[in-house]
Amino acid sequence: MTEKFTFPGDFLWGTASAAHQVEGGNVNSDAWLLEHVAGSPYVEPAGDACDHYHRYPQDIALIAALGFNCYRFSIEWARIEPEEGEFSRAALEHYRRMLAACHDNGLTPIVTYHHFTSPRWFAAKGGWEVLENADYFVRYCERATAHLGDLIGAACTLNEPNVGLLIQQMGYMQPDSVLANAPYRAAAAKAAGSAMFSAFPQCLQAPARDTLLKAHPLAVAAIKAGRGSFPVGLTLALSDHQAVDGGEATRDRMRQAIDDVFLDVTGQDDFVGVQTYTRTRFGAQGILPPEPGVELTQMGYEFWPEALEATMRYTASYSGKPVLVTENGIGTEDDTQRIAYIARALQGVRRCLQDGIHVRGYCYWSIFDNFEWTMGYRPKFGLIAVDRETQKRTLKPSAAWLGAIARANALESVS
Ligand code: BGC
């Protein structure tokens, strides 16, 4: 059957980025230091990234011209509080101008307060591994909200506080016992002139989890008590956890430890930010690799766009909250594969809406080919390519294709 499906009138259509991955020159962040330490897992430094720090006016206008009505980006703690307790009015004013540019272009700004990076001084105090350090994050949230809150459209406190746990489980990051003794940790501490240096997400996950769980609800309270009035939520890295051949108990245990424990602290939130890329299959003995011959993305993930529907359904039913897709995307050189991925993922969004699940919007990750953390600039998640020498932006077909869906607020034909 072919028919048109129209999304709710207030549906948010957007695309996402994160400060460190696109701004460039984020020299005071913990990631920047780590990128320059021998033996660190980073294959290259972020450098100028997409120079979005200077080019945001044109970039924001471009996002709007494509047909989107929101833009999710992060503000950079390392710029806003460059030294402990020292807040930069100039940095805050920069983000006020970005927020104003969004409004001028008809985009609802969705602001993430922390997208993986922290100031060096915070990492040198043990970062998220130290429970009391949650207070530093809450104070930063207060100060940023006091300066920016009247212009914020929606806010996410932390980006994927559970991602380290997820990628450890998937085998993409070493267990805490190995991380603790990684020589680059000692080298980073030496470079920072401190006894320790802990940068997210390469931090010890067990202690960091407790700090992040403590920080989120306190940050929500601080943001809601501050300037402005806008929905606040938490974003989570959510894989579609599937059980095969008797893997139910293992799957449920992992889901409890990685997802549910974070969903349990969203009681005061207005939405949960769903960020999904693939599925994870569990057998009785633990995680299973993708089956031989299945289509893989540049990240080595299984091509599985239906994961989004599964994680939206799980999140909505477990938390009872509206969901906002704050990230969904694919790393690929093949833009046709990207369009196929998004098209199938959006059918999942439609089915959720048709079943009465409150989905507030969909943000594609990412607006640009950008700095994909330890993997550097190789994976291509962008709707827009960026020339690394000239910073020239080139639209991929997927940009116009998704922008047209956003503008129409409808899927032209569904079956
Ligand atoms: C993160 C992004 C990252 C994306 C693609 C998410 O885990 O929030 O920063 O670039 O996935 O790997």
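Structure's up top.
Bear in mind the structure is a predicted one, so any value in this text is a computation, not a measurement.

About the cut-offs
- Throughout this document, residue positions are counted from 1 along each chain, in the order its sequence is written.
- It should be noted that, the model being predicted, local features are given only for residues of pLDDT at least 70 and side-chain atom pairs only at 80 or more, the latter also being counted only at that level, while totals for whole chains, interfaces and linings use all residues.
- As a rule here, side-chain values cover all heavy atoms of the structure and leave hydrogens and water aside.
- Starting at the N terminus, helices and strands are each numbered in turn, a helix being any DSSP run of H or I of at least four residues and a strand any DSSP run of E of at least two.
- Two residues qualify as a contact provided that any one of their heavy atoms is within 4.5 Å of a heavy atom in the partner residue.
- As used in this structure description, the phrase polar contact means that two N or O atoms lie within 3.5 Å; if the pair is within protein, one of them must be able to donate a hydrogen and the other to accept it, and residues adjacent in sequence are counted only when both atoms belong to side chains.
- Put simply, two rings from Phe, Tyr or Trp (the six-membered ring, in Trp's case) pair if the centres are within 6.5 Å, and we call them stacked under 30 degrees between planes, edge-to-face over 60, tilted for the rest.
- Between buried and exposed lies partly exposed: a residue is buried under 20% and exposed over 50% of the maximum accessible area for its type, with that area taken using a 1.4 Å probe on protein chains only.
- Pairing between strands is defined by DSSP: at least two bridges between them are needed.
- Axis definition: a line fitted to C-alpha atoms, limited for helices to the stretch in contact. Angles are taken between N-to-C directions and run from 0 to 180 degrees.

Trainee: I'd like a description of the environment of Asn328, backed by residues and values.
Mentor: The residue Asn328 is located in strand S11 (residues 323–328) in this model. Along the sequence, Asn328 and Arg120 sit 208 residues apart, while their C-alpha atoms lie 29 Å from each other. Beyond its immediate sequence surroundings of up to four residues, Asn328 is in contact with Thr276, Tyr277, Leu308, Tyr341, Ala345, Tyr362, Cys363, Tyr364 and Trp365. Here the side chain of Asn328 touches Tyr362 through a polar contact of 2.7 Å, side chain to side chain.

Trainee: Let's hear about the packing of aromatic side chains: which residues, and what values?
Mentor: Pairs of aromatic rings are described using the distance from one ring centre to the other and the angle between the two planes. In total, this model carries 27 aromatic pairs according to the counting rule given. Between Tyr42 and Phe371, the ring centres sit 6.1 Å apart and the planes meet at 5°, which makes this aromatic pair stacked. Of the two residues, Tyr42 sits in the loop between helix H2 (30–35) and helix H3 (52–66) while Phe371 sits in the loop between strand S12 (359–365) and strand S13 (384–386), which places them 329 residues apart along the sequence. Just as Tyr42 is buried, Phe371 falls in that class too. For the ring pair Tyr314 and Tyr318, a centre distance of 5.8 Å and an interplane angle of 25° mean the geometry is stacked. Of the two residues, Tyr314 and Tyr318 both sit in helix H13 (residues 307–319), four residues apart, roughly one turn of that helix.

Trainee: Break down the sheet that holds strand S10 (residues 286–288) for me, with residues and values.
Mentor: In sheet architecture, strand pairing relies on hydrogen bonds along the backbone and comes in two forms, parallel and antiparallel. One open sheet accounts for three strands, arranged S7-S9-S10; its pairing is mixed. One side of each edge strand has no neighbouring strand; the edge strands of this open sheet are strand S7 (240–243) and S10. On average, adjacent strands in this sheet sit at an angle of 40° to one another, irrespective of strand direction. Pairing analysis gives three bridges linking strand S9 (residues 279–283) to S10, with the strands arranged antiparallel. Paired with Gly283 across the two strands is Gly286, which belongs to S10. Lying on the sheet, helix H8 (residues 163–170) is in contact with S7, S9 and S10; it crosses S9 at an angle near 55°.

Trainee: Help me get a handle on unusual backbone geometry, residues and values and all.
Mentor: Omega for the bond connecting Phe200 with Pro201 falls within 30 degrees of zero, at 0°, which places this linkage in the cis form. Here Pro201 is to be found in the loop between helix H10 (183–192) and helix H11 (205–225). With an omega of 15°, the peptide bond between Trp365 and Ser366 qualifies as cis. Within the element layout of this structure, Ser366 appears in the loop between S12 and S13. At Glu160, a position not held by glycine, the phi torsion is positive, near 45°. Topologically, Glu160 is positioned in the loop between strand S5 (154–158) and H8. Even without being glycine, Trp373 reaches a positive phi, approximately 50°. On the secondary structure map, Trp373 appears in the loop between S12 and S13.

Trainee: Could you give an account of the sheet that holds S12, with specific residues and numbers?
Mentor: Read around the closed barrel, the eight strands follow the order S2-S3-S4-S5-S6-S8-S11-S12; overall the barrel is parallel. Looking at each pair of strands side by side, their axes are set apart by 25° on average, direction ignored. Bridge count for strand S8 (residues 271–276) against S11 is five bridges, and the pairing is parallel. Bridge pairing links Gly273 to Leu324 in S11. The strands touched by helix H5 (residues 89–104) are strand S3 (70–74) and strand S4 (108–114); relative to S3, the strand with the most contacts, the crossing angle is about 170°. The sheet strands contacting helix H12 (residues 248–263) are strand S6 (232–237) and S8, and the helix crosses S6 at an angle near 180°.

Trainee: Can you tell me about the environment of Ala284, naming the residues and giving the values?
Mentor: Examined against the element boundaries, Ala284 turns out to sit in the loop between S9 and S10. Exposure remark for Ala284: the relative accessible area of 44% places this residue in the partly exposed category. Separated by 33 residues in the primary sequence, Ala284 and Arg251 have C-alpha atoms spaced 8.5 Å apart. Look past the residues within four positions of Ala284 in its chain and what remains in contact with it is Val244, Asp245, Gly246, Gly247 and Thr250.

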